[in-house]
Protein chains: 2
Amino acid sequence: MSRQPQFDRQKVLDRALELFWSDGYEASSVSKLLTVMELNRGSLYASFGGKSALYSEVLDHYMAMLCKNLFSCSLMTTEDPKKAITSFYQKAFVEQEDKDRLSNGCLFFNAVSELNKTEPELSGKAVNAIQWIRQLFLSRLLEAQKAGHISPDKDAVTLADYLIGLTAGLRALCKSGADTDVLQKVIDTGLSPVFDK
Amino acid sequence: MSRQPQFDRQKVLDRALELFWSDGYEASSVSKLLTVMELNRGSLYASFGGKSALYSEVLDHYMAMLCKNLFSCSLMTTEDPKKAITSFYQKAFVEQEDKDRLSNGCLFFNAVSELNKTEPELSGKAVNAIQWIRQLFLSRLLEAQKAGHISPDKDAVTLADYLIGLTAGLRALCKSGADTDVLQKVIDTGLSPVFDK
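Residues numbered from 1 in each chain as written. Chains lettered and ligands numbered in written order. Predicted model: local features only at pLDDT ≥ 70, side-chain atom pairs only at ≥ 80, totals over all residues. Heavy atoms only, no water.

Asks: Would you mind showing me how to read the interface of chain A and chain B here?
Replies: By a widely used convention, the size of an interface equals the accessible area lost when the partners come together. Counting from both sides, the interface comprises 36 residues of chain A and, opposite them, 36 residues of chain B. Carbon and sulfur atoms supply 62% of the area buried between chain A and chain B, which totals about 3000 Å² over both sides. Scanning the region where chain A abuts chain B turns up 2 salt bridges. Broken down by secondary-structure element, the contributors of at least two residues to the side of chain A that touches chain B are helix 1 (9–23), helix 7 (107–115), helix 9 (156–175) and helix 10 (180–191) of chain A. Among the elements that line the side of chain A that touches chain B, the one with the most residues is helix 9 of chain A, at 11 residues. Class assignment for the residues of the side of chain A that touches chain B results in 13 nonpolar, 14 polar and 9 charged. (Contact = heavy atoms within 4.5 Å. Buried area = accessible area lost by both parts, 1.4 Å probe. Salt bridge = Lys/Arg side-chain N within 4 Å of Asp/Glu carboxyl O. Helix = DSSP H or I, 4+ residues; strand = E, 2+ residues; numbered from the N terminus. Nonpolar A, V, L, I, M, F, W, Y, C, P; charged D, E, K, R; others polar.)

Spelled out as structure tokens, the structure:
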């Protein structure tokens, strides 16, 4: 029987996420990862298979965190589809009190931005995660259109692509230091072409 | 009298730009830079002062290139202010035939995304460049408002922030592999809350 690892995997993944999210993939050296994860090199490789495999698992861990802390109280559960979308933007950008975390941006967009040419597998995994969020937007947009919040002549697929672009743009503004007032105004302007009433 | 460097500085900066733009700051090791720049280590340090100083000069070089190839035939010169803004988006995203280059995104947003926590000076320089572009948007938006293309009750400063967000969002879509058709539709949707006629 193999020995079980002597650590809490979720807690250790939380710490790896914090470093990758803040500093990016390349700047998070194995030695920095070992320090924040409080592991030795042997445990890291035995339990996670190396830096690239760890990052891949951290992408899953981040998605689970987004689902739990953000989507489950907006896009995934709010009954009214228009409110589901607007509350996503409020919770993600305006009601986020941890400004340091806000300035980390979104791990998926960070991954695509840093790694699309150098680590296509990791970047591709982040693109797939973004596509999943796009589908979530799309299903709520179609509901909102059925409910009369969106004019029938608008293309919901285009609006879903547009919302992904809007979200990426807002994340970039956060990383550039935009304050809550600017974010709120950009959200209001950005959602105005989506909903008609 | 000090010896003049035996290379064309602009050409060497072009090559450094290609690598940083594609692979990012951290993944562009000094040894890769020396290979693409066709310099030896001594010349790199003597002429550019090291990797960080080189990146800083590459940010200036990129801005000069943007001015020459993009702003000078759209935002900076087109007489009609609405057309100046719409043609910027067409030229930057739709008429760009080099799809590999399009998937590099924008060096300024790449710098902010990768380096805002780890290299604040370099990221800050990129933020300043983005602010300069925002001012360019703002001056053309104010003209467009004066010309009646934008309703007087809209806040041009908010629209300038929004256009920076839209541009960053479109760059992120490019890095995620969006095709021209998607980019065109997102541009059309994204500009619809800006102009009233």
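Asks: What is the right way to read the packing of helix 1 of chain A against helix 2 (residues 30–37) of chain A from this model?
Replies: The relative placement of two packed helices comes down to the angle between their axes together with the axis-to-axis distance. All names here are of chain A. It is at 9 Å that the axes of helix 1 and helix 2 come closest, and there the two elements cross at 135°. As the angle between them shows, helix 1 and helix 2 are arranged oblique. Handedness of the helix 1/helix 2 crossing: right-handed. Along its contact with helix 1, which presents V12, R15, A16, L19 and F20, the element helix 2 presents K32, L33, V36 and M37. Of the residues belonging to the contact of helix 1 with helix 2, the class tally is 7 nonpolar, no polar and 2 charged. (Axes fitted to C-alpha atoms, helices over the stretch in contact; angles between N-to-C directions. Parallel < 35°, antiparallel > 145°, perpendicular 65-115°, else oblique. Left-handed = near helix turned anticlockwise from the far one by under 90°.)

Asks: Any chance you could explain helix 8 (residues 120–146) of chain A here in plain terms?
Replies: Each turn of an α-helix holds 3.6 residues, which means side chains three or four residues apart point in the same direction. Over its 27 residues, helix 8 of chain A extends 38 Å from the first C-alpha to the last, a length consistent with the 39 Å expected when each residue adds 1.5 Å. After helix 8 of chain A finishes, the residue G148(A) shows a positive phi value of roughly 90°. (Expected span 1.5 Å × (residues − 1).)

Asks: Explanation requested: the pattern of salt bridges in the structure shown.
Replies: Pairs can form between side chains of opposite charge once their charged atoms are near each other. All names here are of chain A. Throughout the structure, instances matching the rule amount to 18 salt bridges over all chains. Residue R134 is joined to D161 by a salt bridge in which the shortest nitrogen-to-oxygen separation is 2.5 Å. Of this pair, R134 sits in helix 8 while D161 sits in helix 9; the two residues are 27 residues apart in sequence, bridging distant segments of the chain. Given a relative accessible area of 10%, D161 falls into the buried group. R140 is the partner of E143 in a salt bridge, and the nearest nitrogen-oxygen pair spans 2.8 Å. With a gap of 3 residues between them, E143 and R140 both fall in helix 8, about one helical turn apart. For E143, a relative accessible area of 36% corresponds to the partly exposed category. (Buried < 20%, exposed > 50% of the residue type's maximum accessible area, 1.4 Å probe, protein only.)

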